[in-house]
Amino acid sequence: MKKFFRILLWIIVGVVFIGTFVYLYVNSQKKDAVYELVNPSTETIERTTVLTGKIEPRDEIEIKPQISGIISEVLVEAGDQVKAGDILAKIKVIPDETQLSSAENRVKVAQISLEEARMTYERTKNLYDKKFESREKFETDEAAYRRAAEELAQAKDQLTIVRDGVSASNAQSSNTLVRSTVTGIVLEVPVKVGSSVIQANTFNDGTTVAKVADMTDLIFKGKVDETEVDLLSEGMSVRIAVGAVAGSDYVAVIEKIAPMATDENGTNTFEVKAALNTEETAKLRAGYSANATVILEKADSVLAIPERVVEYKGDSAFVYILKTSDPHQEFERQPVKTGVSDGINVEIKDNGVTKESNLRGNQTN
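Report on the accompanying structure.

Reading guide: rules and limits
Residues numbered from 1 in each chain as written. Predicted model: local features only at pLDDT ≥ 70, side-chain atom pairs only at ≥ 80, totals over all residues. Heavy atoms only, no water. Helix = DSSP H or I, 4+ residues; strand = E, 2+ residues; numbered from the N terminus. Buried < 20%, exposed > 50% of the residue type's maximum accessible area, 1.4 Å probe, protein only. Contact = heavy atoms within 4.5 Å. Polar contact = N/O pair within 3.5 Å; in protein donor to acceptor, adjacent residues only side chain to side chain. Pairing = 2+ DSSP bridges. Salt bridge = Lys/Arg side-chain N within 4 Å of Asp/Glu carboxyl O.

### Examining the environment of threonine 183
By the element assignment, threonine 183 lies in the loop between β7 (177–179) and β8 (184–188). Taking relative accessible area as the criterion, threonine 183 reaches 43% and is therefore assigned partly exposed. Residues threonine 183 and alanine 213, spaced 30 residues apart in sequence, show a C-alpha to C-alpha distance of 7.5 Å. Beyond its immediate stretch of four places on either side in the chain, threonine 183 contacts Gln81, Val82, Lys83, Ala84 and Asp214. Looking at threonine 183, its side chain comes within polar contact range of the main-chain nitrogen of alanine 84, at 3.1 Å.

Structure (C-alpha cells):
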C-alpha cells in the first residue's frame with residue numbers, strides 16, 4: 001500500500017513538472033501583434049486656446065468727495081441707475097478750528113470796515129448835499145461803502161462754507177453734495193451714514209463714495225501665455241463663455257494686447273481686452289468669471305488622422321501604413337508632414353497618405 005502511494009506521488013510530481021514546462025514553453029513563443037487599423041478622413045481642424053478672465057465695464061468711475069467730513073445721508077444703493085449730476089450722498093462738514101476762527105475774525109473785521117465806511121459816506125453825503133463837498137469825494141466814499149458791504153457779504157459766505165460746507169449764494173452746487181460724474185449703474189457704495197470721508201489731494205487718493213459704470217459697454221479682460229501671444233492680433237473674433245450664465249456664448253473682438261508681460265508665479269502672461277457685443281450683455285454683471293476661446297489656426301476640409309497614430313521623433317513625424325495582413329500584419333514606416341492639430345486630430349500634408357491608407361493604431365492583443 002505504501003508503495004502504491006509512493007508511485008502515485010511521483011506521478012503527480014511528474015505531471016506538475018511536465019505541465020509547468022509546457023506552459024513556460026508555450027508562453028515563450030512569440031505571438032504576432034495585432035493592431036487596429038485607422039483610415040484618414042476629411043475634417044475641419046481648429047487649433048484654439050482658452051483665456052481665463054473676468055467681465056468688466058470698460059470705464060468704472062470712482063466718485064470721490066470734494067470736501068472732507070462725515071456722510072450724513074446716502075441716497076443710492078448698488079444696482080441703482082443714475083445720471084450724470086445726480087446726488088449720491090450728502091456730507092456734513094466738520095470745520096477745522098483754525099480755518100473757522102480765521103473766517104469769524106474776517107467777518108468781524110469786515111463789519112468794522114463797513115461801519116467805518118458807512119459813517120464816512122453819510123458824513124460826505126451830508127456835506128455834499130449842502131454844497132460843501134465835491135462830487136468826486138462823494139462818489140469815492142460811496143464806492144468805498146459799497147465795497148465794504150460786499151466784503152462783509154463775502155466774509156459771511158466764507159464763514160458759512162467753512163462752518164457748514166454750503167455756500168449761501170449757491171447751495172445747489174455745494175461741495176457737500178456728492179454727485180455722479182457719469183451716467184450708469186451704481187456698482188458699489190462702500191460708505192455708510194456716519195462714515196468719515198476725505199477729499200482727494202496731493203497726499204491721498206480720497207475716499208470713494210460710490211463706483212458707477214456704464215453696464216452697456218462691457219469688456220472681457222483676460223491673460224494669454226507668452227508662447228501664444230504672437231498668434232493673437234487686434235480684431236480677432238473670440239467666443240466668451242460665462243460660468244454664471246448657463247449656455248452663454250457671447251461674441252467679442254480683441255481690442256488690445258498688452259505690450260509688456262507680467263510675471264505670475266514664474267510665468268509671463270500678457271493682458272488681453274476684448275469688447276463684447278452690447279446687444280447681448282443684458283444679463284451680465286461686473287466681475288463674472290469667464291473664458292474666452294480664440295481660434296489660433298484653422299484648416300477647412302483637409303485630410304486628417306488621429307494624433308495618436310503619429311510617431312514624432314525630433315522635428316519629424318511618421319505613420320505606419322499597412323502593406324499586408326497575410327499571414328500577419330506588416331507595416332511600412334512612412335514620413336509625413338503635419339499641419340494644424342487640435343490635440344485629437346492632425347492635418348496631413350503628404351501625398352503618401354490617402355483616404356484608402358490603413359494606418360497602424362493601438363495594439364489589440
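Once the structure has been displayed, the description carries forward.
### Quick word on the sheet that holds β8
Ordered in space as β3-β10-β8-β5, the 4 strands form an open sheet in which the pairing is antiparallel. Every interior strand has two partners, whereas the edge strands, β3 (60–63) and β5 (81–82), have only one. Note that β3 and strand β10 (residues 210–213) share 4 bridges and pair antiparallel. When the bridges of β10 are listed, isoleucine 61 appears paired with valine 212.

### Notes on the pattern of salt bridges
Counted by the stated rule, this structure contains 21 salt bridges. Between glutamate 297 and arginine 47 there is a salt bridge, with the nearest N and O atoms lying 3.1 Å from each other. Of this pair, glutamate 297 sits in strand β16 (residues 289–306) while arginine 47 is found in strand β2 (residues 41–57), placing the two residues 250 residues apart along the sequence. Overall, the relative accessible area of 32% leaves glutamate 297 in the partly exposed class. When salt bridges with common partners are traced through the structure, they connect Glu46, Lys298 and Asp300 into a single cluster.

### Concerning unusual backbone geometry
In this structure, asparagine 265 is a non-glycine residue whose phi angle is positive, near 55°. Locating asparagine 265 in the fold gives a position in the loop between β14 (262–264) and β15 (267–276). Positive phi, normally seen in glycine, also occurs at serine 301, with a value near 50°. Under the relative-accessibility criterion, serine 301 is labelled exposed at 57%.

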